[in-house]
Protein chains: 2
Amino acid sequence: MKTSEQVNQIIMTIEQSFKEIMSVQTDADRLLSDAMLYSLNAGGKRIRPILCLEVAHAYGADLETIKPFAFALEMIHTYSLIHDDLPCMDDDDLRRGKPTSHVVYGEDLAILAGDALLNLSAEVMLEAVMHQNGDVKFLRAMHEILKASGASGMILGQVADIKYHDQVINIEKLNFINANKTGKLLTASIVSGALLGGASVADLEKLRKIGYQVGLLFQLVDDVLDVIGNPQKLGKRTQIDEKNNKMTYPKLMGIETTQACIRQYRDEIFETLDTLSIDVKFLKALVDFLATRDF
Amino acid sequence: MKTSEQVNQIIMTIEQSFKEIMSVQTDADRLLSDAMLYSLNAGGKRIRPILCLEVAHAYGADLETIKPFAFALEMIHTYSLIHDDLPCMDDDDLRRGKPTSHVVYGEDLAILAGDALLNLSAEVMLEAVMHQNGDVKFLRAMHEILKASGASGMILGQVADIKYHDQVINIEKLNFINANKTGKLLTASIVSGALLGGASVADLEKLRKIGYQVGLLFQLVDDVLDVIGNPQKLGKRTQIDEKNNKMTYPKLMGIETTQACIRQYRDEIFETLDTLSIDVKFLKALVDFLATRDF
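Residues numbered from 1 in each chain as written. Chains lettered and ligands numbered in written order. Predicted model: local features only at pLDDT ≥ 70, side-chain atom pairs only at ≥ 80, totals over all residues. Heavy atoms only, no water.

A. Structural detail: the overall build of chain A. Scanning chain A from N- to C-terminus turns up 15 helices and two strands. Its C-alpha atoms give chain A a radius of gyration of 18 Å, within 12% of the compact-globule value 19 Å for 295 residues. In chain A, which comprises 295 residues, the share counted as buried stands at 61%. By sequence separation, contacts in chain A at least 24 residues apart represent 73% of the contacts at least 6 residues apart. Entry remark: accessible area of chain A is about 11500 Å², with carbon and sulfur atoms responsible for 50%. Of the charged side chains in chain A, 31 are positive and 41 negative, and the gap between their average positions amounts to 3 Å. (Helix = DSSP H or I, 4+ residues; strand = E, 2+ residues; numbered from the N terminus. Rg over C-alpha atoms; globule rule 2.2 N^0.38 Å. Buried < 20%, exposed > 50% of the residue type's maximum accessible area, 1.4 Å probe, protein only. Contact = heavy atoms within 4.5 Å. Areas by Shrake-Rupley, 256 points an atom, 1.4 Å probe, with all protein chains shown as cover. Lys, Arg positive; Asp, Glu negative; His and termini not counted. Charge placed at Lys NZ, Arg CZ, Asp CG, Glu CD.)

Below, the structure is given as structure tokens:
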């Protein structure tokens, strides 16, 4: 996936920037900031910050002012992974090829590092809002992200996932889980970028629909990779869904239909992208990458 | 503790308001909102919202516009208790006379209910800011609270608590733990109220000092009650610090010196309160209540 040059430079500096933010923003205990940085810097595809920055860029926004939102999205995503991996949740000991947070730091610190990342994400966004003297575009972007990560978004999906665990569920319920657990924050990444770039209401609605579809496409691919992916390339164990007795798209409709679904979502997203008022070359490449990735 | 009539009415409606906020703000799963409400409505002294509202009231603020900050403070406090009580942290099964969240809902849902409360606290504060069109007073109050609850505040104190667990520490380190773990959010309750009420810079600095002292006073009393308190009145087990091999003020300097310290902090806080530009009758009564409480 080739990001635009400007975004690429920003993403390249992201690890350094995490460290800077952490040292400026907090006089956090070294142990705590180590635990926060460990998970932030454990790799990852940085899809959410890239989406936010690329969409904002396409609408002509000044990317430097938007950086805090990109960071915040990655911090929220990272905290959710730390808590998801805990023994009482998915009980994963490996993520992105490295031991998970609770394996390295213990469950207590892993929970607190997650809490601290969620809190810090709100701090850095609010400081960006304050820096813009409460500009409504910045307020709305922050609101979009907070709603997506909370009890009517990502956490709602996670709870539904737990609730339906071990149950045979239909495609509607599976879509509901994934649209919330994965889709809402991906949608907020896109929509916050568009809000910060001053997109029209019509474009915002289209991007919201695209976000929903990107979320499901992402999860369809994830489910396929858990069955046929290469653990070394993925940096995590496969066959986990089977082990956890978790309902997935391949289980519901078979690998081939799932793969056909991925292609269909990709085509539908392309169609909607073509109706937008911006240059969508990068977004198409990103969707292609998400549809065909093997890690 | 007698709150002023106006604040009393607001606090009286707080349980109902939690339910309303939850139903309006989230289309959260019933199980999730139940878990969030269970801990919010498990009782508690509501000290943080009362402090915020009373201080704002003393500076002549319109309390209705400030309600979301009072809610947010209680939500943050409640989430911190849920996570603190987990088996991998303090492992408490009883809080405010009721089984703790993970006992009722399981560890996974308890962690998520905590996450959701922290997230929702930021949502309701941000919505109050947006309702005031990004008013700088509201932005600064929100910032004050977010900083206090994060990696340079409450969570920092919690990490220090874990780090020094089982160690013999001196009074400076014990003060550091408590000033962060308990003091920062109490300070933010006071200072956010003052910011929303438009207090002068001089008053803000004095209130910050008072917040620090109230935090330590609160913890001194907590430590004493763990030794000589009545479990039934407290709604939680006593002798927990001894069981957890945790350093406390009575262990460091004996019960009598600890009690003398409480009286000294009370007097010092009263002295500073007398130099403020507002009516401090209620605040004095509150500090008296905190210094002499037996629950």
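B. The interface of chain A and chain B, seen in detail. Contact residues are listed per partner, giving 45 residues for chain A and 45 residues for chain B. Summed over both sides, the interface between chain A and chain B buries roughly 4100 Å², with carbon and sulfur atoms accounting for 72% of that surface. Of all residues in chain A, the largest losses of buried area upon contact with chain B belong to Leu112, Asn119 and Ala151 of chain A, amounting jointly to 13% of the total for that side. There are two salt bridges connecting chain A and chain B. Counting across the interface, chain A meets chain B through ten residue pairs in polar contact (both at pLDDT 80 or more). (Buried area = accessible area lost by both parts, 1.4 Å probe. Salt bridge = Lys/Arg side-chain N within 4 Å of Asp/Glu carboxyl O. Polar contact = N/O pair within 3.5 Å; in protein donor to acceptor, adjacent residues only side chain to side chain.)

C. The arrangement of the pattern of salt bridges in detail. Residue and element names in this part refer to chain B. In this structure the tally under the stated criterion is 30 salt bridges over all chains. Note that aspartate 34 is salt-bridged to arginine 30, the shortest N-O span being 3.1 Å. Here aspartate 34 and its partner arginine 30 are both found in helix H3 (residues 30–40), four residues apart, which amounts to about one turn of the helix. The shortest N-O distance in the salt bridge between lysine 181 and aspartate 161 comes to 2.7 Å.

D. Seen up close, the nonpolar core. One finds Phe69 and Met142 of chain A together with Phe69 and Met142 of chain B to be the most contacted residues of the largest nonpolar core, which totals 198 residues. With near-sequence residues (within four places) excluded, methionine 142 of chain A lies in contact with Phe69, Ala122, Met125, Leu126 and Val129 of chain A together with Leu126 and Met142 of chain B. (Core = buried A, V, L, I, M, F, W, Y, C linked by side-chain atoms within 4.5 Å.)

E. Focus on the relation of the copies chain A and chain B. Once chain A has been moved 0.0 Å along the axis and rotated by 180 degrees, it coincides with chain B to within an RMSD of 0.0 Å. The transformation just described matches what one would write down for a two-fold rotation axis. Among all residues of chain A, the one whose C-alpha sits closest to the rotation axis is glycine 134 of chain A, at a distance of 2.2 Å. When the interface residues of chain A are mapped onto chain B, 100% of them again lie at the interface, so the same face is used by both copies. (Least-squares fit on C-alpha atoms with pLDDT ≥ 70 in both.)

F. Region of interest: the packing of helix H4 (residues 47–58) of chain A against helix H15 (residues 281–292) of chain A. Residues and elements named next belong to chain A. Where H4 meets H15, the axes come as close as 11 Å, and the angle between the chain directions of the two elements is 160 degrees. By the angle between their directions, the pair H4 and H15 is classed as roughly antiparallel. Two packed elements cross with a definite hand, and for H4 against H15 that hand is left-handed. Listed contacts from H15 to Ile47, Ile50, Leu51, Glu54 and Val55 of H4 are Phe282, Leu283, Leu286 and Leu290. Taken together, the residues of the contact of H4 with H15 sort by class into eight nonpolar, no polar and one charged. (Axes fitted to C-alpha atoms, helices over the stretch in contact; angles between N-to-C directions. Parallel < 35°, antiparallel > 145°, perpendicular 65-115°, else oblique. Left-handed = near helix turned anticlockwise from the far one by under 90°. Nonpolar A, V, L, I, M, F, W, Y, C, P; charged D, E, K, R; others polar.)

G. Seen up close, the confidence of the model for chain A. All names here are of chain A. Here chain A averages 91 in pLDDT, while 93% of its residues score no lower than 70. Looking at the elements of chain A, mean pLDDT is at its lowest for helix H1 (residues 5–12), recorded as 67, and at its highest for helix H8 (residues 136–149), recorded as 98. With a pTM of 0.94, the predicted complex shows an ipTM of 0.94. (pLDDT = per-residue confidence, 0-100.)

H. Just the packing of helix H11 (residues 201–228) of chain A against helix H14 (residues 249–273) of chain A, in detail. Residue and element names in this part refer to chain A. Following both chains from N to C, one finds H11 and H14 inclined at 150 degrees, their axes separated by 9 Å at the closest point. The element H11 and its partner H14 pack so that their crossing is left-handed. Considered class by class, the residues forming the contact of H11 with H14 number 18 nonpolar, five polar and five charged.

I. Summary view of unusual backbone geometry. We note that arginine 96 of chain A has phi near 55 degrees; this positive angle belongs to a residue other than glycine. Relative to the helices and strands, arginine 96 of chain A is located in the loop between strand S1 (94–95) and strand S2 (98–99). One non-glycine residue, aspartate 166 of chain B, lies in positive phi territory at about 75 degrees.

J. Seen up close, the environment of histidine 102 of chain A. Residues and elements named next belong to chain A. Examined against the element boundaries, histidine 102 turns out to sit in helix H6 (residues 101–105). Taking the C-alpha atoms as reference points, histidine 102 and leucine 86, 16 residues apart in sequence, are found 6.6 Å from one another. With sequence-adjacent residues up to four places away left out, histidine 102 is seen in contact with Asp85, Leu86, Pro87, Asp92, Glu107 and Ala110.

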